[in-house]
Amino acid sequence: MERLGLTWRLMQAYGLTRLPGTTVHAPTPAGEGDIAVFHEPEYLEVLRAADSGAQPPRGSAFGLGAGDNPVFPGVWEAARLVAAGSLLAADLIARGEADRVFHFAGGLHHALRERASGFCYVNDAVLAILRLRERGLRVAYVDIDAHHGDGVQYAFYGDPHVLTISTHERGERLFPGTGFVHELGEGDAAGFSVNLPLEAYTDTQVYLPAFEAVVPPLLARFKPDVIVAQLGIDSHRTDPLTHLALDIQGFAKAFARIVSLAPRLIALGGGGYDIRNVARGWTAAWAVLNGVELPAGLPEAFAEDVRRHDFGELGLWDAPSEGLPESIQRAVSDYVDRQVDAVQRTIFPFHRL
Ligand SMILES: [Zn+2]
């Protein structure tokens, strides 16, 4: 949770929480009924019982306990708040009260219908998409987290009215072990689940052209009313859990491209385990969303956090990286090129591209 507070404080220090034309909303926790639109009631009962902080009976059957999805006091309350933020975002968009919303506590894309998975208890992204669909809106989901957006993909695997696109480190190397190009949707929805696996060490220079070759053509063809974007920043080169190598500039450019393609937009957070990157990346994203240029030096009002969290010389943007040995760089771009090619050969024809 600390990373969310840190992000908020950096946004505040830059003056981004009081921009003209923007408002800040605090949701009230979602009701169980709103969450049961996607999740199994039996799982939700167990998750509710876990709110005390004690492992509930049969908790492990639902993914709760030691490992990725610990039980802690208030776990149900926290899950309800995260869900509420995404549902509020969907409502604001559907009612025409906002055209761009950022809920950076959301984006918990691994949660499955009947169990917690990968630090995710309730799949707020799925709930937001279902709410938008209920209001008759056509939704594309774009997930740039380092991990495959499996929970969202499965939720809409047979639904041609929702296009899901995920770019992520290849499944042989990273949790959850899925997200291959051949996972393309089923029945009428074949071609509507899109996966672009990336090689370890993929950096901004390799990522952005690959993103450009796959994402904009599909979105242009699909013509969504709303894009729901999952902005995990665990793709960063210093993230301790993954092996991708983007910098904050590359992340912000990919997001700017998503913004440029979105008639309306819900941006969600996601992974990010070097919390300095979470604060910098999502602050940069909020600036992009509002067309604000930020000074590169972190503001004086953030100095205490700079000390406490060891930002050192870090500014908002990253220094150039040293780069990889040429042979490795070539192997990385060859792999990514082959995946782009596979997407274009197997997925594009479904869209007459
Ligand atoms: Zn992730």
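Keep in mind that this is a model prediction, so the values were computed, not measured.

**Looking at the overall build of the protein chain**
Regarding its fold elements, the protein chain presents eleven helices and six strands. The C-alpha atoms of the protein chain give 19 Å as radius of gyration, which agrees with the globular expectation for 353 residues (20 Å, within 12%). Projected onto its principal axes, the C-alpha positions of the protein chain cover 55 × 55 × 40 Å. A burial count over the protein chain gives 57% of its 353 residues as buried. In the protein chain, the proportion of contacts linking residues at least 24 apart, taken out of those at least 6 apart, comes to 76%.

**As for the sheet that holds strand 4 (residues 193-198)**
Whenever strands of a sheet pair, they do so through backbone hydrogen bonds, lying parallel or antiparallel. Across the sheet, which stays open at both edges, the six strands sit in the order 1-6-5-2-3-4 with parallel pairing between neighbours. A strand with exactly one partner marks an edge of an open sheet, and here the two such strands are strand 1 (100-103) and strand 4. The sheet shows a mean angle of 10° between the axes of neighbouring strands, taken without regard to direction. Pairing geometry for strand 2 (residues 139-143) and strand 3 (residues 162-169), over five bridges, is parallel. Residue pairing for strand 3: Val142 is matched across the bridge by Ile165. Helix 8 (residues 248-261) rests against strand 1, strand 2, strand 5 (226-230) and strand 6 (265-268) of the sheet, and its axis sits at about 155° to strand 6.

**Observations concerning the packing of aromatic side chains**
The tally for this structure, following the rule as stated, stands at nine aromatic pairs. Seen in terms of ring centroids, Phe119 and Tyr273 are 5.5 Å apart; in terms of plane orientation they differ by 65°. Their pairing is edge-to-face. Within this pair, whereas Phe119 is found in the loop between strand 1 and helix 5 (124-134), its partner Tyr273 is found in the loop between strand 6 and helix 9 (275-289), the two being separated by 154 residues in sequence. Among the residues examined, Phe119 registers a relative accessible area of 36% and is labelled partly exposed. A residue is classified by how much of its surface remains accessible, and Tyr273, at 28% relative accessible area, is partly exposed. An aromatic cluster of three or more residues is present, and its members are Phe102, Phe104, Trp282 and Trp286. Over the aromatic face of Phe222 sits the side chain of Arg138, whose NZ or CZ is 3.9 Å from the ring centroid.

**Re the pairing of strand 6**
Side chains on a regular strand alternate between the two faces of the sheet. The two faces of strand 6 match: Leu265 and Ala267 on one face and Ile266 and Leu268 on the other face are all buried. Here strand 1 runs beside strand 6; their pairing, made up of four bridges, is parallel. Pairing of Val101 across the sheet is with Ile266, part of strand 6. The pairing of strand 5 with strand 6 spans four bridges and is parallel. Opposite Val228, over in strand 6, you have Ile266 as the bridge partner. With helix 8 bridging strand 5 and the parallel strand 6, this β-α-β connection has right-handed handedness.

**Quick word on the packing of helix 7 (residues 204-222) against helix 8**
Packing of helix 7 against helix 8 leaves a shortest axis separation of 10 Å and a crossing angle of 10°. Taken together, helix 7 and helix 8 sit at an angle that is classed as roughly parallel. Contact residues: Thr204, Tyr207, Leu208, Phe211, Glu212, Pro216 and Leu219 in helix 7; Gly250, Lys253, Ala254, Arg257, Ile258 and Leu261 in helix 8. Considered class by class, the residues forming the contact of helix 7 with helix 8 number eight nonpolar, two polar and three charged.

**Thoughts on unusual backbone geometry**
Cis geometry marks the peptide bond from Phe175 to Pro176; its omega dihedral reads 0°. With respect to the helices, strands and loops of the structure, Pro176 is situated in the loop between strand 3 and strand 4. Of note, Phe119 is a non-glycine position whose phi angle comes to about 70°, a positive value. With a phi angle near 60°, Asp310 is a residue other than glycine that sits in the positive phi range. Looking at the secondary structure, you find Asp310 in the loop between helix 10 (303-308) and helix 11 (326-346). Residue Asp310 is classed as exposed on the basis of its relative accessible area, which comes to 58%.

Cut-off values and rules
Residues numbered from 1 in each chain as written. Predicted model: local features only at pLDDT ≥ 70, side-chain atom pairs only at ≥ 80, totals over all residues. Heavy atoms only, no water. Helix = DSSP H or I, 4+ residues; strand = E, 2+ residues; numbered from the N terminus. Rg over C-alpha atoms; globule rule 2.2 N^0.38 Å. Buried < 20%, exposed > 50% of the residue type's maximum accessible area, 1.4 Å probe, protein only. Contact = heavy atoms within 4.5 Å. Pairing = 2+ DSSP bridges. Axes fitted to C-alpha atoms, helices over the stretch in contact; angles between N-to-C directions. Phe/Tyr/Trp six-rings, centres within 6.5 Å; stacked < 30°, edge-to-face > 60°. Lys NZ or Arg CZ within 6 Å of the ring centre and 35° of its normal. Right-handed = clockwise from strand over helix to strand, strands pointing away. Parallel < 35°, antiparallel > 145°, perpendicular 65-115°, else oblique. Nonpolar A, V, L, I, M, F, W, Y, C, P; charged D, E, K, R; others polar.

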